[in-house]
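Per-entry structural report
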Amino acid sequence: MTASTSETATAAALALGDDALVLSHRLGEWAGHAPVLEEEVALANIALDLLGQARILLSMAGDEDELAYLREERAFRNLQLVEQPNGDFAHTIARQLYFSTYQRLLYTQLAEGTGPFAPLAAKAVKEVEYHQDHAEQWTLRLGDGTDLSHERMRRATEALWRFTGEMFQPVEGVDVDREGMRAAWLESVGDVLRRATLALPEGPASGAWRAGAGRQGLHTESFGRMLAEMQHLHRSHPGATW
Amino acid sequence: MATAAPHHTARAQADGQDEAAHAAAYEAVFDAAVAADERIEPRDWMPDAYRSTLVRQIAQHAHSEIIGMQPEANWITRAPSLRRKAILMAKVQDEAGHGLYLYSAAETLGTGRDELLDKLHTGRQKYSSIFNYPTLTWADVGAIGWLVDGAAITNQVPLCRCSYGPYARAMVRICKEESFHQRQGYELLLALSRGTPEQHEMAQDAVNRWWWPSLMMFGPPDDESSHSAQSMAWKIKRHSNDELRQRFVDICVPQAESLGLTLPDPDLVWNEERGHHDFGAIDWTEFREVLKGNGPCNEQRITQRRRAHDEGAWVREAAAAYAEKQATRAEPPAGHTDQQSNGTGSPQGDEPAGTADEHAEARA
Amino acid sequence: MTTNDWPLWEVFVRSRRGLSHTHAGSLHAPDAELALRNARDLYTRRGEGVSIWVVPSAAITASSPDEKDPFFEPAADKPYRHPTFYEIPEGVKHL
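Everything numeric here is computed off the predicted structure, so don't read it as measured data.

A short note on the pattern of salt bridges
Taken as a whole and judged by the stated rule, the model has 39 salt bridges over all chains. We note a salt bridge from E38(A) to R113(B), for which the minimum N-O separation is 2.9 Å. Separated into two different chains, E38(A) in helix α2 (residues 37-61) and R113(B) in helix α6 (residues 113-121) make up a pair that spans both. For E38(A), a relative accessible area of 3% gives the class buried. A salt bridge links R182(A) to E179(A), with the shortest nitrogen-to-oxygen separation between them at 3.5 Å. Highlighted residues: R182(A) and E179(A), both in helix α8 (residues 178-195), separated by three residues, approximately one helical turn. When its relative accessible area of 29% is taken as the criterion, R182(A) is described as partly exposed. Ionic contacts of the salt-bridge type, sharing partners, join the residues E72(B), K91(B), E95(B) and D149(B) into one network.

This is the structure:
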């Protein structure tokens, strides 16, 4: 009983930790490439917050570096949404909007609970509120900016839509009201998109593959390359300390 | 500040009068302020050459921070532990921040950031040549922190006392933050040096490659340095190139020993008589060639910078367009214009206008 | 081409309650909302502030050329930004 409880908690920590780790990595790829210098600082802040969360969560599940650097692709439990390549700035912002809104709702619920994630969630929810605000501000500016930015933002929200359904799949050990979260998420994201002169995309919110998605260790093709880059140096020196 | 009033008096009296006659008076006030180690502030009178030299120097410094992000960002996605990854991300972020502080300082002299960036992108303004070298292994991140940031700090600490206020203030802030950069580099190299033989070798190789370019960071020898004398007189440069280079070498030798790494200079030896280390001849041909654009990464660095700027144009335009729309939308109900007449006169005053405070607190 | 740079804003930071806002520097932003956020990211990365004002630089009427040096207390939130986070062997100097 205790063993399975702790296994469940470990799996849950991995799922949440991998989300934060992978998105942090993607945001880190922006360094030196951001559209304006002020955004270099902003994107790095968000990436650092997420990396901090990832380190706490992965440490709940084991050794943070072993987990980050020595697992194979199929063992990662992150959402497919967070592993999506940065694309243009609109894609990065759409990904941020979708994920940070979800993460805020999730952490808010976890913080109110008594489970193992409550202390982390209580601290992280403040960080995530800022991430959501950042995404909202930019969604408004891109959506309601120029014709070009409107078109790019629209394309981005639609392209990433099919990865959003996975956020509301139950995760064992993460005890939250998923249906309530989905409703709140749709309302929040829908409101931002409307104010940005955009609309909630209409296509399916999940892929058609029955085998599952990120939570089942099934990822998209670019993820393998991301991991290859991330893990290469660490794996080249087995047992070394850094 | 004691000098503020005389400046203003001098300017007020000179208004509408013969400028040539008063230029000398301005200059005397300026010279006296510099001589007394007072700070020159943006609205003070200053010689044109002082202004343009400062713009060039601060801009070059700002560009170096921005271009300097690239060689290190090159390793963010491959950092070998999560702790190192967080440190490196924070460091590269700081460099963006330092670039922004410095562009701000340059802008107080009347040159916009746009113009400065344009000059960087078109090769009309330089950045530190050191960033035209590649980061080939993880140890290079450590070598940059220890040697490149170390050299930069040696250069920059005296600038915290430079005569131009905004620049000096930016340098104070930057130096405070930079010392974390140098220490993380040293710690990174120490871990490698004490690690596996392969890691040790990686560290030594990086130090071998970065040592000489780091010494070049202090600029050409004093007898060949074109701007030095005037800049020293203006106190926007406080020590000579060779003086700072010597200081840096003396600092590095014992640090290298503690690292268990060798500095790649067979002529490096303690000179009892001078009380300093003697060191080998620097290859100034390489320095001049890299400066001219023939370094291993000149093309790559500027191309990436230009691409980021060009590809970001639509984002900046979108935000500007949105701001304009919002301003237009806000216009009709114009209800609180009364605040403008008294709210902004003293930005550093103790009592802020109420609504500004509420707004700020709400967001903070 | 050179017209798409955003306007300049002056940033004032209250380092802690009980102190007034102090000029920290400037930055570029398209509007007040982003200026505030950019200021938060740029000038309070080490916990230097509890409150921020941003003012369009163009809206400032200055009476005197002097400005005061900002001074900020470091924060403990991300300790690896600070030099004391790193272990350096005894006897190593000037680091």
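Brief notes about helix α7 (residues 138-156) of chain B
Given a rise of 1.5 Å per residue, 19 residues ought to cover 27 Å, and the 26 Å separating the end C-alpha atoms of α7(B) matches this to within 8%. Most of α7(B) sits inside the fold, with 18 of its 19 residues counted as buried.

Quick look at the sheet that holds strand β3 (residues 51-56) of chain C
All names here are of chain C. Reading across the sheet, the three strands line up as β2-β1-β3 and stay open at both edges, with antiparallel pairing between neighbours. Every interior strand has two partners, whereas the edge strands, β2 (22-28) and β3, have only one. On average, each strand axis in the sheet is tilted by 30° relative to the strand beside it, whichever way the strands run. Both strand β1 (residues 8-14) and β2 contribute to a ladder of six bridges, which runs antiparallel. Directly across from L8, in β2, lies its bridge partner H28.

What about the interface of chain C and chain A?
Facing the 15 residues of chain C at the interface are 13 residues of chain A. Regarding the contact of chain C and chain A, the summed buried area is about 1,300 Å², with carbon and sulfur atoms giving 51% of it. For the chain C face of the interface with chain A, the top three residues by lost area are R37(C), R40(C) and D41(C), together amounting to 35%. Joining chain C to chain A, the criterion identifies three salt bridges. One salt bridge connects R141(A) with E33(C), and the closest N-O pair in it is separated by 3.1 Å. The interface formed by chain C and chain A includes seven residue pairs in polar contact (both at pLDDT 80 or more). When residues of the side of chain C that touches chain A are traced back to their parent elements, those giving at least two are β2 and α1 (32-43) of chain C. No other element matches the seven residues that α1(C) contributes to the side of chain C that touches chain A.

Quick word on empty space enclosed by the protein
The gaps of empty space that remain are located by a probe, the size of a water molecule, rolled over the atoms. The full count for this structure, using the stated rule, is five cavities of 30 Å³ or more. Of the volumes computed, that of the largest cavity is approximately 110 Å³. Lining the largest cavity are 16 residues, and of these L27(A), W30(A), A31(A), E40(A) and A44(A) sit closest to its centre. Those elements that provide at least two residues to the lining of the largest cavity are α1 (2-28) and α2 of chain A together with α5 (82-107) of chain B. Per element, the largest residue contribution to the lining of the largest cavity is five residues, and it comes from α2(A). The residue makeup of the lining of the largest cavity, split by class, is eleven nonpolar, three polar and two charged.

Overview of the packing of helix α6 (residues 118-143) of chain A against α1(C)
Two elements in contact, α6(A) and α1(C), have axes separated by 11 Å at closest approach and are oriented at 145°. Once α6(A) is placed against α1(C), the crossing between them reads as left-handed. Contacts between α6(A) and α1(C) involve Y130(A), D133(A), Q137(A), W138(A) and R141(A) from the first element and E33(C), L34(C), R37(C), R40(C) and D41(C) from the second. When the residues that make up the contact of α6(A) with α1(C) are grouped by side-chain class, the tally is three nonpolar, one polar and six charged.

Some thoughts on the nonpolar core
One finds Y102(A), Y107(A), L142(A), W138(B) and W146(B) to be the most contacted residues of the largest nonpolar core, which totals 197 residues. For this core, the leading source of residues is α5(B), giving 14 residues. In contact with W138(B), not counting residues within four places along its chain, are L233(A), W242(A), W75(B), A79(B), P80(B), R84(B), L88(B), L188(B), L192(B) and M202(B).

Some details on the side chain of H309(B)
Residues and elements named next belong to chain B. Looking at the element boundaries, H309 is found in helix α13 (residues 298-311). For H309, a relative accessible area of 14% gives the class buried. Ignoring sequence-local partners within four residues, the contact set of H309 consists of L117, H121 and R316.

Each value, and the rule that gives it
- Residues numbered from 1 in each chain as written.
- Chains lettered and ligands numbered in written order.
- Predicted model: local features only at pLDDT ≥ 70, side-chain atom pairs only at ≥ 80, totals over all residues.
- Heavy atoms only, no water.
- Salt bridge = Lys/Arg side-chain N within 4 Å of Asp/Glu carboxyl O.
- Helix = DSSP H or I, 4+ residues; strand = E, 2+ residues; numbered from the N terminus.
- Buried < 20%, exposed > 50% of the residue type's maximum accessible area, 1.4 Å probe, protein only.
- Expected span 1.5 Å × (residues − 1).
- Pairing = 2+ DSSP bridges.
- Axes fitted to C-alpha atoms, helices over the stretch in contact; angles between N-to-C directions.
- Contact = heavy atoms within 4.5 Å.
- Buried area = accessible area lost by both parts, 1.4 Å probe.
- Polar contact = N/O pair within 3.5 Å; in protein donor to acceptor, adjacent residues only side chain to side chain.
- 1 Å grid on protein atoms, 1.4 Å probe; cavity = no way out; pocket = protein on both sides within 12 Å on 5 of 7 lines; lining within 4 Å.
- Points joined across faces, edges and corners; volume = space filled by probe spheres on them.
- Nonpolar A, V, L, I, M, F, W, Y, C, P; charged D, E, K, R; others polar.
- Left-handed = near helix turned anticlockwise from the far one by under 90°.
- Core = buried A, V, L, I, M, F, W, Y, C linked by side-chain atoms within 4.5 Å.

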